[in-house]
Amino acid sequence: LELSLHLLDHLQQEVSALVYLATPENFAFLGPAPTARIAGQIHRSCGPSGHNRDYLFDLAQVLRDLSICDPHVFELEAAVRALDHQGEPLGHRLQP
């Protein structure tokens, strides 16, 4: 889904944003699940843009840079980093 956003800052900018929505029709849709299970899927999964863990790490850093607190994202980041430290192997691209 591509959107045009009007930012509420002093510059009154308009930017384009690409939003990915997870729906039950997606073969990789996990749905509501405990943090450890979501973290495991993120750690194991890879898409056209690379490993999902890298996307998560980048997202968490951007949120910090913007002073945005998202406890769910930060909890997932910590859980995925813990999998890295445990030596869990990186995953592969999911196939339907």
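Residues numbered from 1 in each chain as written. Predicted model: local features only at pLDDT ≥ 70, side-chain atom pairs only at ≥ 80, totals over all residues. Heavy atoms only, no water.

Observations concerning unusual backbone geometry
At S67, a residue that is not glycine, the phi angle is positive and equals roughly 60 degrees. Of note, S67 is situated in the loop between α2 (52–65) and α3 (71–85). On the basis of relative accessibility, which here comes to 68%, the residue S67 falls in the exposed class. (Helix = DSSP H or I, 4+ residues; strand = E, 2+ residues; numbered from the N terminus. Buried < 20%, exposed > 50% of the residue type's maximum accessible area, 1.4 Å probe, protein only.)

Some remarks on the side chain of R53
When you line up the elements, R53 lands in helix α2. A polar contact is formed between the side chain of R53 and the side chain of D54, at a distance of 2.6 Å. (Polar contact = N/O pair within 3.5 Å; in protein donor to acceptor, adjacent residues only side chain to side chain.)

Looking at the packing of aromatic side chains
Going through the model one piece at a time under the given rule, you end up with zero aromatic pairs. Between the NZ or CZ atom of R81 and the centre of the ring of F57, over which it lies, the distance is 3.8 Å. (Phe/Tyr/Trp six-rings, centres within 6.5 Å; stacked < 30°, edge-to-face > 60°. Lys NZ or Arg CZ within 6 Å of the ring centre and 35° of its normal.)

Things to note about the packing of α2 against α3
Axis separation between α2 and α3 bottoms out at 10 Å; the angle between their running directions is 135 degrees. In terms of orientation, α2 lies oblique with respect to α3. Crossing hand, α2 versus α3: left-handed. Between α2 and α3, the contacting residues are R53, L56, F57, L59, A60, L63 and R64 on the first element and V73, F74, L76, E77, V80, R81 and D84 on the second. Partitioned by chemical class, the residues of the contact of α2 with α3 number nine nonpolar, no polar and five charged. (Axes fitted to C-alpha atoms, helices over the stretch in contact; angles between N-to-C directions. Parallel < 35°, antiparallel > 145°, perpendicular 65-115°, else oblique. Left-handed = near helix turned anticlockwise from the far one by under 90°. Contact = heavy atoms within 4.5 Å. Nonpolar A, V, L, I, M, F, W, Y, C, P; charged D, E, K, R; others polar.)

Comments concerning the packing of helix α1 (residues 35–44) against α3
Where α1 meets α3, the axes come as close as 9 Å, and the angle between the chain directions of the two elements is 65 degrees. Considering only the axes of α1 and α3, their crossing is right-handed. Judged by residue contacts, T35, I38, A39, G40, I42 and H43 of α1 engage H72, E75, L76, A79, V80, L83 and D84 from α3. Residue classes in the contact of α1 with α3 are distributed as seven nonpolar, four polar and two charged.

Focus: the side chain of H43
Residue position: H43 is located in helix α1. Side chain to side chain, H43 and D84 meet in a polar contact 2.7 Å long.

Points about α2
One turn of the α-helix equals 3.6 residues, which is why residues spaced by three or four share an orientation. In a regular helix each residue adds 1.5 Å, so 14 residues correspond to 20 Å; α2 covers 20 Å between its end C-alpha atoms and thus fits that length. When we look at burial in α2, the residues that qualify are R53, L56, F57, A60 and L63. Relative to the axis of α2, the buried residues are bounded by an arc of 125 degrees and lie together on one face. Turned more than 90 degrees away from the buried face of α2 sit Y55, D58 and D65, all of them exposed. Contacts from the buried residues of α2 go to α1, β4 (50–51) and α3. Looking at the residues trailing α2, positive phi occurs at S67, about 60 degrees. (Expected span 1.5 Å × (residues − 1). Arc of directions from axis to C-beta.)

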